[in-house]
Amino acid sequence: MTKKLLSRVGVVAISGALAVALAACSSGGTSPSSTSSGPTKGGTITWLDTSGQFTATDPVGVYLGEEIAGFRRLVYRGLTALPISSNKNPKVVPDLATDTGTTKDGGKTWSYTLKSGMKWQDGTAITCADLQYGLSRSYDPSLVSPGGGVGTVYFGSGGYNLIDPADPSYDLSTKYVGPLTGTADAQKHFDAAASCSGNTITYHFQNAWPDFPYAAAALFTTDPYEKSFDKGTANLFTINSDGPYKLQGTTFDSQAGGTFVRNSNYSPSTDSTTVRGAYPDTVKISFVDSAETIAARLIANSGADSSAFSMANIPSDKYSEIASSMSSRVVTSTSPYTRFLMINSNTITDPNVRNAIIKATDQAGVIKANGGSKWGTPTSTIVAGAIPGFQPNPSTANNNPAGDPAAAKALLAKTSNPTPTIRFAFADTSTVIEQVAAVLQSGWEKAGFKVTLMPISKDAKPGYYAQVGADPKPIDVFYSGWAADWPSLFAVIPPILQSNPKGATFGVGFNYGFYSNSKVDALIKQATASTDTAEQQKLLNQADQVAEADGAYVPLANQSNYFIHGSKLGGFLPDVASSYYPDLGGMYVTK
Amino acid sequence: MSTLPPGEFAAEVTANETVFAPGGPGAPRSSTVVSRSPRQLAWARFRSDKKTWFGAIVVAVYVVLAILAPILVAAGVLDPYTPHQNLIGDNGLPAGGAAGVSWAHPFGVEPGIGRDTLSRVWFGLTLSLLISSAAAVFSVVVGVVLGIIAGMSRSWADTLIGRLVDLVLCFPQTLMLLALSGVVVAWLTGSLHIPKGDPAQATYVIFVLGIFGWPSVTRIIRGQVLSLREREFIDAARLLGAGNSRLYFKEILPNLWAPILVQFTLILPAYVSAEAALSYLGISVNPPTPTLGNILKSSLQYASADFLYFIAPAFLLVLIVVSFNLLGDGLRDALDPKSNR
Amino acid sequence: MIAYAIRRILVGIVLLLSMVLVVFVLFFASGNPAKSVCGKFCTPEKLTQVTKVYGYDQPITTQFGEFIQGLAVGRDYPVNDAYRAALEKSNPDLVIHCAAPCLGYSQHDAATVNADIAKYAPVTISIAVFAFIFWIFFGVFFGVLAAVFKGKWLDRILVGVTLVVYALPTFFVGTFLLQYVAIKWQLVPYPTYVSIADGGVGGWLVGLTLPALTLALFYMAAYVRITRAFVLESLSEDYIRTARAKGLTERVVLFKHGLRAALTPLLSMAGLDFAALLAGAVITESVFNYQGLGLLAVIANQNSDLPVLIGLVIVAGAAVIIMNILVDILYAFVDPRVRLR
């Protein structure tokens, strides 16, 4: 559950086009499991996960990073794709399209031509109309709910804004509600905005989107969808495959899982083994009750579990059971996630108090409670180390990771109330998070804060994000996390730090702390207007620095991955294409 | 009632996994008849029963410990909250093995964070007993009041209460406890202004356990009242002009202390278990505030990594439930109304 | 007899309707349920739309009336007439007919509640049946054994063990069986539910062993105690004394006269316990991640999926009510002392 609560989209593809200089990955490099022989075909791979993780399998409803990673390799092909590769800057390659896209105006229009000979699992050919239809579905609020709607964040007027070139002022994101219920007029505008001509689709944007090919690879938003298959919300857990596998049976069971078998209408010649190896005959997604059980089964490594893996990290309470004899099955890698605390700027208005909270926070203790260096390393910013343009935030980089109660006290002494109260909210989903809260509380109390813990249970109504995202709220600080929707500082700084519109009762983007600073807004605006990547990064990092000097958030950790898999599983590789989840595309069962 | 009401038995074994596990009817009933006063008789039976004594002593120790805990926490002797992460090793378990047992931490420390286990379990015991006693008092008070009214009234009130009992017993209890948590907690904090967090959660647990627990008490009390109301002293009181409320609470109630005491002692351990089960489902008091239930829940994650930490809280829970059940059974045997004649 | 049955059934229907009403009021008291349907990125416009589409803008009395009507004759979704008419034109596939007794439609699962329950029910019924057979057989067997050997060491051991087992929380037992017996020691295959269609009766039984055992242990402990008490009680009845005086052997006394009287009330209890289990073994199913009704309830609760929760409560209540009636009628056949009026 935590993953879902962490971010709206667990997608990070490290864009080669944008990558200038990647900061050194903070913890353990990627190490593919070594096998003497090459990949072999056949066998069954079991993908273990915790039940209830997947809230949809309809492409427009999917937003969980691991789900996007896995389904991209199994059933949903995109216009473009990222290859299976240990390279930190893999280059995007064509998938359904003949090339990675062409643009004549620096990214305002993008054209793709479909390869021929590609079919849906029912044997129907994939057409340009399917591409159009697929994108149009992400405008239907009933389909993307709950938890979806990600694509439209970028395609909407707040983002790059998909427009009808003949009528650029027509706002599709508010006037068009998808193919099922949209008006004919709106549909006409949409069809012009994503226009088809033969087998070629052209997207028209208001703002230049230079790395659109990476978006097409990372999100399902531009994937095709077969119109005759569409049953609206009833399709939430259906899968109409155009990839090498298809779902056995009609619906995916969000509590038990599903079995994927070979899709006879998939044509390998239109695909590449660098994207989809498609080695096993069967891939079985099997849900169990908890990450502990997953780890226990993978440690035990018996029967079918010997060719099993999981996208879930080994929970810290299982670390002690990882014996040295399992070293060939244990893999560490970097992770796209950062964890931080958001400060409600509407209740804690004094920057001195906010900075005192930052100074007093026991980052090291939080990391230890989560499992130590295998789980994450201290960070000074909300930007993950793997994002192009990442740099430590100068405002917090020199803080003591174990907290500095004296410095916090000094800051508090400057304020009217040296013992303010912090109401700290967190999603109460595990013992670990409860321990983290206790560590934070203990650190803050050393600096003189009074702390009220506000655990929000899994079944709370309204739910965690509904409570912390609202304004006003009786919450001062809350636990949070982010994996960039997009491999760019643009997908981190503006959503979290740009001021909310006046009178907003719910945070726009991810600015649930309601932080507002005109200097930060100006810098973000400047960056958006700029066309030079290096300058954009400089301006956005400056915005981050200014905000953090003002005490906008409490940085905690840059996360790491720590996986274990079965002994008969080969090709286990967490890579950029799969957001550093293990890449299903290259996995195979060893003989 | 012409048929033997099956619900009466169901009420005793209340069916729904362990969320409700009141002490079932069980222990043997002594049938020795000696010419002694009922009270002497009861005491004699009670005294001669070793199991009951064991239960009583353990319960007494628990109660004393539970009363001491808040005092010791206030005095700083027990500290259930302060993390000692320096005692935690790199693998998340207490450094140096043996669950981190030392002079400062005789029961060791909690994995991951290093809080003192003894303090947590001890203080958690207090809160668990507090919650379950409050819920038991709630059930018993409501159950007794309605039971007396139903037993004494010879009219619609009896029917109404009977139907109400039927209705409550129809509800799938575990399901309702789960499903109602969101709605009721929102109501408790919103309308009754109970502070969010622990107080609201604890109130919810007390409230729902109480609500679903009273029907069994009502049935038993009603049965007792039915026989009491035919006795001469009730007629006498009535003739002397006693009003209904006087009749119910001054005349009838004092004669019910034995079944009330027995019911209370049997319901209480059931509620201790129920609190643990609710903790497992995540709808009771949350950590860092310890209760036996949430300590047990967090220990489950270490089931295979730290066996001692896994079984210790469960052992304590079992001990307390068994002791209360032994005491309750013993009390019932000793105070068996059949031999009270 | 038939008149009695009819009367009981009518009372049962009234009970069920009152239950539906209570559940409806409780669950809708928290405010606009559309909020939970609307999802995480809910905008005010979308909320208005969802409220309308799902009929939550109607007064609660209207909603209740329509729900009852749906139970009786079925319903079409979405419930808003204008919206449905528009959809029927543009995309008739999206209009969902929910046949009577329609329990509602879950937006979250994109399925009717009936379909949800039908999908999850087999697991719950399987676990319940397996556990039931297990606990009745061993519970009664050990209970009679304990009663026969009352006071002997066998009795003491049985009573002691059942006391402890009875006090063990279900989730602790389940976690132990899963983490140690299945995963660590590999004594049984990792428990996963296999339907008879997929794995034959053998595979089905193997898959059910651990969860059913987890559930059965608690009930078994309870039934040992209850059986023992009933047998002992019936053996102290006057007619048993008469039978013994007639010179019947101890075996005939026990099996022909004693057990019959003792097991009749057990029958009604067992029936009700079984019915209550049909609501789903929430904790057992959560521990083993078995897709039964209990887990469905947990999931629905996490997703604030009110229609599913309401449907489950109704189905569970109906099971208890129906079983109550059946047991009462059955009782008359088994126990000659009971005459139904």
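Residues numbered from 1 in each chain as written. Chains lettered and ligands numbered in written order. Predicted model: local features only at pLDDT ≥ 70, side-chain atom pairs only at ≥ 80, totals over all residues. Heavy atoms only, no water.

Novice: Go over the overall build of chain A, please, and point to the residues and values.
Specialist: A tally of helices and strands in chain A yields 17 helices and 18 strands. Computed over its C-alpha atoms, the radius of gyration of chain A comes to 24 Å, within 12% of the 25 Å expected for a compact globule of 591 residues. Oriented by its inertia axes, the alpha-carbon framework of chain A measures out at about 70 × 65 × 45 Å. The long-range fraction of contacts in chain A, counting pairs at least 24 apart against all pairs at least 6 apart in sequence, stands at 74%. Carbon and sulfur atoms provide 53% of the accessible area of chain A, an area that totals close to 18,900 Å². The positive charge centre, built from 44 side chains, and the negative charge centre, built from 46, are 3 Å apart in chain A. (Helix = DSSP H or I, 4+ residues; strand = E, 2+ residues; numbered from the N terminus. Rg over C-alpha atoms; globule rule 2.2 N^0.38 Å. Contact = heavy atoms within 4.5 Å. Areas by Shrake-Rupley, 256 points an atom, 1.4 Å probe, with all protein chains shown as cover. Lys, Arg positive; Asp, Glu negative; His and termini not counted. Charge placed at Lys NZ, Arg CZ, Asp CG, Glu CD.)

Novice: Quick one: what's the story with the overall build of chain B, residue by residue and with numbers?
Specialist: The secondary structure content of chain B amounts to twelve helices and zero strands. Ordered by position in the sequence, the α and β elements of chain B form the string α-α-α-α-α-α-α-α-α-α-α-α. Counting over 341 residues, chain B shows a buried share of 61%. Intrachain contacts of chain B at a sequence separation of at least 6 include 73% that bridge at least 24 residues. Looking at chain B as shown, the accessible area adds up to about 13,600 Å², and 67% of this sits on carbon and sulfur atoms. (Buried < 20%, exposed > 50% of the residue type's maximum accessible area, 1.4 Å probe, protein only.)

Novice: Help me get a handle on the packing of helix H6 (residues 173-190) of chain B against helix H7 (residues 198-228) of chain B, residues and values and all.
Specialist: Residue and element names in this part refer to chain B. It is the contact of H6 with H7, at a shortest axis distance of 9 Å, that shows an interaxial angle of 135°. Here H6 lies oblique to H7, going by the angle between them. Crossing angle aside, the handedness with which H6 passes H7 is right-handed. Between H6, through Gln-173, Met-176, Leu-177, Leu-178, Leu-180, Ser-181, Val-184, Val-185, Trp-187, Leu-188 and Thr-189, and H7, the contact on the second element is made entirely by Ala-200, Gln-201, Thr-203, Tyr-204, Phe-207, Val-208, Leu-209 and Phe-212. (Axes fitted to C-alpha atoms, helices over the stretch in contact; angles between N-to-C directions. Parallel < 35°, antiparallel > 145°, perpendicular 65-115°, else oblique. Left-handed = near helix turned anticlockwise from the far one by under 90°.)

Novice: A description of the sheet that holds strand E13 (residues 421-428) of chain A should follow, citing residues and the corresponding values.
Specialist: Residue and element names in this part refer to chain A. Here we have six strands laid out as an open sheet, ordered E12-E16-E11-E15-E13-E14, and mixed in their pairing. Looking at strand neighbours, the two that pair on one side only are strand E12 (376-378) and strand E14 (450-457), the edges of this open sheet. Averaged over all neighbouring strand pairs, the angle between strand axes comes to 30°, with direction disregarded. The sheet contact formed by E12 and strand E16 (residues 553-564) spans three bridges and is antiparallel. Directly across from Thr-377, in E16, lies its bridge partner Asn-558. Against the sheet, helix H10 (residues 351-360) makes contact with strand E11 (330-343), E13, strand E15 (477-483) and E16, and its axis sits at roughly 30° relative to E16, the strand it touches most. Its contacts with the sheet put helix H13 (residues 431-446) on E11, E13, E14 and E15, and the angle it makes with E13 is roughly 170°. (Pairing = 2+ DSSP bridges.)

Novice: So what's going on with the interface of chain B and chain A? Which residues, and what values?
Specialist: Residue-level contacts link 26 residues of chain B with 28 residues of chain A. A combined buried area of about 2,200 Å² lies between chain B and chain A, and 49% of that area is made up of carbon and sulfur atoms. Applying the counting rule to chain B against chain A returns zero salt bridges. The interface formed by chain B and chain A holds six residue pairs in polar contact (both at pLDDT 80 or more) in total. Examining the composition of the side of chain B that touches chain A, we find that three residues originate from one element, H6 of chain B, more than from any other. In terms of residue class, the side of chain B that touches chain A is made up of eleven nonpolar, eleven polar and four charged. (Buried area = accessible area lost by both parts, 1.4 Å probe. Salt bridge = Lys/Arg side-chain N within 4 Å of Asp/Glu carboxyl O. Polar contact = N/O pair within 3.5 Å; in protein donor to acceptor, adjacent residues only side chain to side chain. Nonpolar A, V, L, I, M, F, W, Y, C, P; charged D, E, K, R; others polar.)

Novice: Tell me about unusual backbone geometry, and please be specific about residues and values.
Specialist: Note the cis peptide between Asp-471 of chain A and Pro-472 of chain A, where omega equals -5°. Along the chain, Pro-472 of chain A falls in the loop between helix H14 (464-469) and E15. Its identity is not glycine, yet Gln-186 of chain C carries a phi of approximately 55°, on the positive side. Positionally, Gln-186 of chain C belongs in the loop between helix H8 (170-184) and helix H9 (196-235). With phi around 50°, Asn-289 of chain C is a residue other than glycine that occupies positive phi space. Position of Asn-289 of chain C among the secondary structure elements: in the loop between helix H12 (282-288) and helix H13 (293-302).

Novice: Can you tell me about helix H5 (residues 156-170) of chain B, naming the residues and giving the values?
Specialist: The terminal C-alpha atoms of H5 of chain B, which comprises 15 residues, lie 21 Å apart, in line with the 21 Å expected from a rise of 1.5 Å per residue. Listed as buried for H5 of chain B are Ala-157, Asp-158, Ile-161, Val-165, Leu-167, Val-168 and Cys-170 of chain B. (Expected span 1.5 Å × (residues − 1).)

Novice: Describe the nonpolar core, naming the residues involved and giving the relevant values.
Specialist: Ranked by internal contacts, the top residues of the largest apolar core, which has 320 residues, are Phe-260, Phe-424, Trp-444 and Phe-449 of chain A together with Phe-27 of chain C. With 17 residues, the top contributor of residues to this core is H9 of chain C. In this structure, Tyr-112, Tyr-170, Tyr-203 and Trp-209 of chain A belong to the second largest nonpolar core, which totals 32 residues. (Core = buried A, V, L, I, M, F, W, Y, C linked by side-chain atoms within 4.5 Å.)

Novice: Describe the state of the cysteines, naming the residues involved and giving the relevant values.
Specialist: Among covalent bonds in proteins, the disulfide is the one between the sulfur atoms of two cysteines. Counted under the stated rule, the structure contains two disulfides over all chains. The partner cysteine of Cys-128 of chain A in its disulfide is Cys-196 of chain A, sulfur to sulfur 1.9 Å. Here Cys-128 of chain A and Cys-196 of chain A share a disulfide; its torsion about the S-S bond, -95°, makes the bridge left-handed. Taken together, the residues Cys-128 of chain A in helix H3 (residues 128-137) and Cys-196 of chain A in strand E5 (residues 194-197) connect sequence positions 68 residues apart. Relative accessible area serves as the criterion here: at 2%, Cys-128 of chain A is assigned to the buried category. In this model Cys-98 of chain C forms its disulfide with Cys-102 of chain C; the gap between the sulfur atoms is 2.2 Å. Of note, the bridge from Cys-98 of chain C to Cys-102 of chain C carries an S-S torsion of about 110° and is right-handed in sense. (Disulfide = S-S within 2.5 Å.)

Novice: Let's hear about the confidence of the model for chain A: which residues, and what values?
Specialist: Looking at chain A as a whole, the pLDDT averages 85, with 91% of positions reaching at least 70. Between residues 1-35 of chain A, whose pLDDT stays under 50, and residues either more than four places distant or in other chains, the model counts 130 contacts. (pLDDT = per-residue confidence, 0-100.)

Novice: I'd like to hear about the sheet that holds E5 of chain A, residue by residue, with values.
Specialist: Residue and element names in this part refer to chain A. Strand order across the open sheet formed by three strands is E4-E6-E5, with antiparallel pairing between neighbours. In this open sheet, the two strands that pair with only one neighbour each are strand E4 (109-113) and E5. Put simply, the sheet's adjacent strands are angled 20° from each other on average, direction ignored. When E4 meets strand E6 (residues 200-204), the two strands line up antiparallel, connected through five bridges. Bridge pairing in E6 places Ser-111 opposite Thr-202.

Novice: With reference to specific residues and values, describe the pattern of salt bridges.
Specialist: All names here are of chain A. Using the criterion set out here, one finds 26 salt bridges over all chains in the structure. In this structure, Arg-276 and Asp-95 form a salt bridge, with 2.8 Å as the shortest nitrogen-oxygen distance. One end of the pair, Arg-276, is in the loop between strand E8 (257-262) and strand E9 (282-288); the other, Asp-95, is in the loop between strand E3 (93-94) and E4, and 181 residues separate them in sequence. By sharing partners, the salt bridges in this structure join Arg-77, Asp-95, Asp-271 and Arg-276 into a single network.

Novice: Which residues make up the packing of helix H1 (residues 2-28) of chain C against helix H4 (residues 60-73) of chain C, and what values go with them?
Specialist: Residue and element names in this part refer to chain C. Running from N to C, H1 and H4 cross one another at 135°; their axes reach a closest spacing of 11 Å. Comparing the axis directions of H1 and H4 gives the class oblique. For H1 against H4, the interelement crossing comes out right-handed. Of the residues in H4, those touching H1 at Leu-17, Val-20, Leu-21, Phe-24, Val-25 and Phe-28 are Ile-60, Gln-63, Phe-64, Phe-67 and Ile-68. Residue composition of the contact of H1 with H4, grouped by class: ten nonpolar, one polar and no charged.

Novice: Talk me through the packing of aromatic side chains; I want residue IDs and the actual numbers.
Specialist: A full pass over the atoms with the stated rule returns 60 aromatic pairs over all chains. When the centroid spacing of 5.2 Å and the interplanar angle of 75° are considered together, the rings of Phe-205 of chain A and Trp-209 of chain A count as edge-to-face. Look at Tyr-193 of chain C and Tyr-290 of chain C: their rings are 6.4 Å apart centre to centre, the planes differ by 70°, and that puts the pair in the edge-to-face class. Here Tyr-193 of chain C, found in the loop between H8 and H9, pairs with Tyr-290 of chain C, found in the loop between H12 and H13; they are 97 residues apart in sequence, far enough to count as distant. The positively charged end of Arg-297 of chain A is found above the aromatic ring belonging to Tyr-190 of chain C, 3.8 Å away from the centroid. (Phe/Tyr/Trp six-rings, centres within 6.5 Å; stacked < 30°, edge-to-face > 60°. Lys NZ or Arg CZ within 6 Å of the ring centre and 35° of its normal.)

Novice: So what's going on with the environment of Tyr-515 of chain A? Which residues, and what values?
Specialist: All names here are of chain A. For Tyr-515, the location among the structural elements is in the loop between helix H15 (493-497) and helix H16 (518-529). Taking the C-alpha atoms as reference points, Tyr-515 and Trp-120, 395 residues apart in sequence, are found 47 Å from one another. The contact partners of Tyr-515, leaving out residues within four places of it in the chain, are Ser-345, Arg-354, Leu-497, Gln-498, Ser-499, Val-520, Val-546, Ala-547, Asp-550 and Ala-552. A distance of 2.7 Å separates a polar atom in the side chain of Tyr-515 from a polar atom in the side chain of Asp-550.

Novice: Run through a nonpolar patch on the surface, naming residues and quoting values.
Specialist: Taken together, the side chains of Ile-2, Ile-6, Ile-9, Leu-10, Ile-13 and Leu-17 of chain C present a nonpolar region at the surface, about 580 Å² in accessible area. Relative to the helices and strands, Ile-2 of chain C resides in helix H1. (Patch = residues over 30% accessible without salt bridge, like charges linked within 9 Å, V, L, I, M, F, W, Y side chains within 5 Å.)

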